[in-house]
Amino acid sequence: MNGPMIRPYGDTTGDGRVQLSFTLPVPFGTERERAVAEGAALQLAAKMGLEPAMVVHAKGMGPAFTFFIVYGRASHLVDLSEVVVAEREFPVLSAAEINLRIRSGLGREIVVLGACIGTDAHTVGIDAILNVKGHAGEKGLEYYREMRVVNLGAQVDVADLAARASAERADAVLVSQVVTQRDAHLTGARALANAFGTRERPLLVVGGPRFDPTMAAELGVDKIFGRGTTPREVASYLVHALTGEPAAARA
Amino acid sequence: MTSQGSKLGLDPDMVRAARHLARVAGQPIVDMARSHSTVSVERAVLRLAGLDGADDGGMPWVNRLVDAVRETTGLEHGVALPAWDALATGGYPGLAALASDAAAGQVKFRVPEGEGAAAARAAARAALARGFAAIDARRAQRESMIGETSDPPRPWIYLIVATGDIYEDIPQAQAAAREGADVIAVIRSTGQSLLDYVPEGATREGFAGTYATRENFRLMRAALDETSRELGRYVRLTNYASGLCMPEIAALAGLERLDMMLNDCMYGIIFRDINPRRTFIDQRFSRQIHARAGIIINTGEDNYLTTADAVDAAHTVVVSQLLNEFFGAEAGLADWQLGLGHAFEISPEVPDSFSLELAHAQLVRELFPDAPLKYMPPTKHMTGNVFGGYLLDAFFNLAGVMTGQSILLVGMMTEGIHTPFLSDRDLALENVRYVARAAGQLGENFRPPPGGFVQQRAQHVLAEAVGLLRRIGSDGLLNAIGDGTFGITRRPADAGRGLEGVFERAEGYFNPAAEFLEDPATAGEGRKS
């Protein structure tokens, strides 16, 4: 414990006051039910470290649920010296910043080629990243004015992909691999790297729910994205790798 | 609407000009749709004729049969002639048996001529007559259910469920209806719009949504019928037709009495990179089926405002609505079936943003006085500050009530954070109820002064829409889409998904479903034969 030590602030230093809302699967009909429900909410608050706590609002939702708003005093202390900040190799930027950095850094649009390779017909992942519709509230790469996106869809042969990348002068190739039977995703990623060779190749980016993001070097690609990746993260990485330190990114 | 009845002082000549230009832009697309067909249109014919089910790998029999015909005789004459010819000459008990043999490569299809063709046509018409009778019966059943319960007053409260598991969706939908929802929408699994087949059966796994299948439709409709009776109020069910299987999903929706369907003329093109020709051909046929089934369509103009700025792009919404209206009416949809979409998406940082929203919402209300407009809540500027979001949703509800919107999609304070909690929905409905109670009569008193900010803004957006329609009319709609006029993406007419499923109709093309849908007189003859 090195400190500084802090507590939540309501209106007085050190009062520890916090606000919380949640639902419990209990009825809120009869007087007895209401008493039980509020008692249950206070018990939960106490177990969460809020003591004393006060139910300021409770409302039955249908016959079996009750919604609560609770205020209480957090009994926990926060030690700022123990806060760990995850360092990311690149900053996640807004769409406007990404477009601006492409314009100022490259002076031309980025060409991005996307595909599912081999026998993989699951385009959900690549479409979520590329389609304007996007994913998780973020628009796909097609939305970025400074990116030209060519989505080749499913079951693309890696040799065809390499030829098309050359024809389109692609800056980056995005491949999504969902099928993992007999490690098809790993085999596919290696085949991708082999098809492109090592010199004068676009940035190779692979993604899928079962990939281990630390395996990029081993598989011979530049970057691996795992489950839950959003389009903006991919776009931010591309900008970082293509306009930031290109030599380092491709080493 | 006359300028006298208009709160916005709209020039009736300009409104007429806008409609005329939409027709000029849309007519070549209709001509193209009338001379072409797609694999999904042909599969819908088979579905309407009663072919259900799938092979061991889950591929529907309609896909297997259409593919088999395509690989042998080709589809240019339609699937019906070769299929019903083979059905009779091969002595099959039904289409499923034929499809099974065809999938195994054991059927020699031909395009019959003379008496063989006449026999195939008659048999196909009889099968389709039964299909349309089933759809007509569902429509009548909806009417009697509404009579037995009641039709809720507008605005209809529209709520979404999306667990991925139909058996979880059902209790959530029933709970939402009990809490006040008039319309339940079951969001589809991510990416279903890009599947070139309709999955089969009840499904319990999906990505951020539940697959649209005939069995899922049936289960949910049955559950909501039970709840409608319990509440004495008819609860409508919505799903999504948009995507590569628009015609087929429209057929299944009609057969299982869904009440509203998302069906936009350009959404698949712009946001899903589906080939423009495929989309327009599929769209026309699917809307003809919706028209017959008494289904209200919902269009997707709200999507434009999530990608482009809601002030700058306001006129693209109006242009798309006019196109959707033209295409919809041409396909036989009545005004009461045109749930044109728009959204409350102006940045709250913009000065007078609420006045601008009122101008846009009132403009759409006056342009389409008889359409059940669907108004979508803010999503783009929901930041994760749930308290600020709750306030923004209240302003959305107020704009909706003041401008007489017909269907309000209920905004969630946790938009963009997670799929709604039970409590999120409950709080959202409390918000709607409060605003409707507090400001229900305010629309009557909303009279923007002549020449004032709101009137000027509405007139400006309409003028911009007319300008854009004029440009589309001279460039051609397919070229305009190819140039990136809508959304910000370029979608060339010869690119995008599903193009390989488009073909030109040959002389003698026969589609027994289209006969019923295009020309009721011919359909009458079909029933006799």
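Residues numbered from 1 in each chain as written. Chains lettered and ligands numbered in written order. Predicted model: local features only at pLDDT ≥ 70, side-chain atom pairs only at ≥ 80, totals over all residues.

Considerations on the packing of helix α2 (residues 39-48) of chain B against helix α9 (residues 246-255) of chain B
Residues and elements named next belong to chain B.
Next up, step 1: Relative orientation of the contacting elements α2 and α9 amounts to 20 degrees, with a least axis distance of 7 Å. Judged by the angle between their axes, α2 and α9 are roughly parallel. Here α2 runs over α9; the crossing is right-handed. Contacts between α2 and α9 involve S40, V41, R43, A44, R47 and L48 from the former and M246, P247, E248, A251 and L252 from the latter.
Next up, step 2: Across the contact of α2 with α9, the residue classes tally to seven nonpolar, one polar and three charged. (Axes fitted to C-alpha atoms, helices over the stretch in contact; angles between N-to-C directions. Helix = DSSP H or I, 4+ residues; strand = E, 2+ residues; numbered from the N terminus. Parallel < 35°, antiparallel > 145°, perpendicular 65-115°, else oblique. Left-handed = near helix turned anticlockwise from the far one by under 90°. Contact = placed C-beta atoms within 7 Å. Nonpolar A, V, L, I, M, F, W, Y, C, P; charged D, E, K, R; others polar.)

Thoughts on the interface of chain A and chain B
Next up, step 1: Contact residues are listed per partner, giving 19 residues for chain A and 21 residues for chain B.
Next up, step 2: At the level of elements, β4 (65-74) and α3 (124-130) of chain A are the ones that each hand at least two residues to the side of chain A that touches chain B.
Next up, step 3: For the side of chain A that touches chain B, the element with the highest residue contribution is α3 of chain A, accounting for three residues.

Let's talk about the sheet that holds strand β2 (residues 17-24) of chain A
Residue and element names in this part refer to chain A.
Next up, step 1: Spatially, three strands are ordered β2-β4-β3 in an open sheet, and the strand pairing comes out antiparallel. Looking along the sheet, the strands with just one partner apiece sit at the ends: β2 and β3 (50-61). Across the sheet, the axes of successive neighbouring strands diverge by a mean angle of 20 degrees, strand direction being ignored.
Next up, step 2: Here β3 pairs with β4 via nine bridges, running antiparallel. Counted as the bridge partner of K59 is F67 from β4.
Next up, step 3: Most of the contacts of helix α1 (residues 31-47) go to β3, to which it runs at about 140 degrees, and overall it touches β2, β3 and β4. (Pairing = 2+ DSSP bridges.)

Notes on the nonpolar core
Next up, step 1: Ranked by internal contacts, the top residues of the largest apolar core, which has 218 residues, are L65, I184 and L469 of chain B.
Next up, step 2: The element contributing the most residues to this core is helix α18 (residues 453-475) of chain B, with nine residues.
Next up, step 3: When neighbours within four sequence positions are excluded, L469 of chain B is seen to be in contact with A18, L21, A22, A25, V319 and L322 of chain B.
Next up, step 4: V18, A41, L50 and F67 of chain A belong to the second largest nonpolar core, which has 10 residues in total. (Core = buried A, V, L, I, M, F, W, Y, C linked by C-beta atoms within 7 Å. Buried ≥ 20, exposed ≤ 12 C-beta atoms within 10 Å, placed from the backbone.)

Some remarks on the sheet that holds strand β9 (residues 203-207) of chain A
Residues and elements named next belong to chain A.
Next up, step 1: Strand order in the open sheet formed by five strands is β7-β6-β8-β9-β10, and the pairing between neighbours is parallel. Looking at which strands have only one partner, the edges of the open sheet turn out to be β7 (147-151) and β10 (223-225). Strand-to-strand twist across the sheet, computed as the mean angle between neighbouring axes with direction ignored, equals 20 degrees.
Next up, step 2: Its contacts with the sheet put helix α7 (residues 231-244) on β6 (110-116), β8 (172-176), β9 and β10, and the angle it makes with β9 is roughly 160 degrees.

Some words on the domain arrangement of chain B
For interface size, the figure often reported is the accessible area lost on association.
Residues and elements named next belong to chain B.
Next up, step 1: Along its sequence, chain B is organised into domain 1 (36-148) and domain 2 (152-460).
Next up, step 2: For domain 1 and domain 2, the distance between their C-alpha centroids amounts to 33 Å.
Next up, step 3: In this assembly, 25 residues from domain 1 lie in contact with 27 residues from domain 2.
Next up, step 4: Breaking the side of domain 1 that touches domain 2 down by element, the ones donating at least two residues are β1 (36-38), α2 and α6 (114-148).
Next up, step 5: Counting residues per element, the side of domain 1 that touches domain 2 draws most heavily on α6, which supplies nine residues.
Next up, step 6: When grouped by side-chain class, the residues that make up the side of domain 1 that touches domain 2 number 11 nonpolar, eight polar and six charged. (Domains from an automatic or database assignment.)

Some thoughts on the pairing of strand β3 (residues 183-186) of chain B
Residue and element names in this part refer to chain B.
Next up, step 1: Along β3, one buried face is formed by V183 and A185 and the opposite face, lined by I184 and V186, is buried too.
Next up, step 2: In this structure, strand β2 (residues 156-161) lies alongside β3, joined through four bridges in parallel fashion. The residue of β3 that forms the bridge with L159 is I184.
Next up, step 3: Chirality of the crossover, the property in question, places the unit of β2, helix α7 (residues 166-178) and β3 among those that are right-handed.
Next up, step 4: Note that β3 and strand β4 (residues 236-240) share three bridges and pair parallel. When the bridges of β4 are listed, I184 appears paired with L237.
Next up, step 5: With respect to chirality, the unit in which β3 leads through helix α8 (residues 214-231) into the neighbouring parallel β4 is right-handed. (Right-handed = clockwise from strand over helix to strand, strands pointing away.)

A few points about the domain arrangement of chain A
Next up, step 1: Split by domain assignment, chain A resolves into domain 1 (5-81) and domain 2 (95-250).
Next up, step 2: Spacing between the C-alpha centres of domain 1 of chain A and domain 2 of chain A amounts to 46 Å.

Structural notes on helix α15 (residues 386-402) of chain B
Residues and elements named next belong to chain B.
Next up, step 1: For α15, spanning 17 residues, the distance from its first C-alpha to its last is 24 Å, which sits close to the expected 24 Å at 1.5 Å a residue.
Next up, step 2: Of the positions making up α15, those classed as buried are G389, L392, D393, F396, N397, A399, G400, V401 and M402.
Next up, step 3: Contacts made by the buried residues of α15 are with α14 (353-367), β9 (374-376), β10 (407-409), α16 (422-439) and α17 (442-445).
Next up, step 4: Two residues or fewer after α15 comes G404, characterised by a positive phi angle close to 65 degrees. (Expected span 1.5 Å × (residues − 1).)

Examining the confidence of the model for chain B
Residue and element names in this part refer to chain B.
Next up, step 1: Across chain B, pLDDT averages 93, with 97% of residues at or above 70.
Next up, step 2: For residues 521-529, every residue scores under 50 in pLDDT, and the model assigns this stretch 11 contacts once sequence neighbours within four places are set aside.
Next up, step 3: Interface scoring of the predicted complex returns ipTM 0.83; its pTM is 0.87. (pLDDT = per-residue confidence, 0-100.)

What to know about the packing of helix α1 (residues 12-35) of chain B against helix α11 (residues 276-293) of chain B
Helices that pack against each other are described as a pair by the angle of their axes relative to one another and the distance between those axes.
Residues and elements named next belong to chain B.
Next up, step 1: The interhelical angle for the contact between α1 and α11, taken along N-to-C directions, is 80 degrees, at an axis separation of 9 Å. Put simply, α1 runs roughly perpendicular to α11. Facing I29, V30, M32 and A33 of α1, the residues of α11 in contact are R277, F280, I281 and R284.
Next up, step 2: Of the residues that constitute the contact of α1 with α11, the class distribution is six nonpolar, no polar and two charged.

Comments concerning the environment of A463 of chain B
Residues and elements named next belong to chain B.
Next up, step 1: Following the sequence through the fold, A463 ends up in helix α18.
Next up, step 2: Given 14 C-beta atoms within a 10 Å radius, A463 is considered partly exposed.
Next up, step 3: For the pair formed by A463 and S286, sequence separation is 177 residues and the distance between their alpha carbons is 32 Å.

Focus: unusual backbone geometry
Next up, step 1: The omega torsion across E51 of chain A and P52 of chain A is 0 degrees, close enough to zero to call that bond cis.
Next up, step 2: Omega for the peptide link from R154 of chain B to P155 of chain B comes to 0 degrees, which places this bond in the cis form.
Next up, step 3: With respect to the helices and strands, the residue P155 of chain B is situated in the loop between α6 and β2.
Next up, step 4: Of note, the phi angle at R257 of chain B is positive, near 55 degrees, even though the residue is not glycine.

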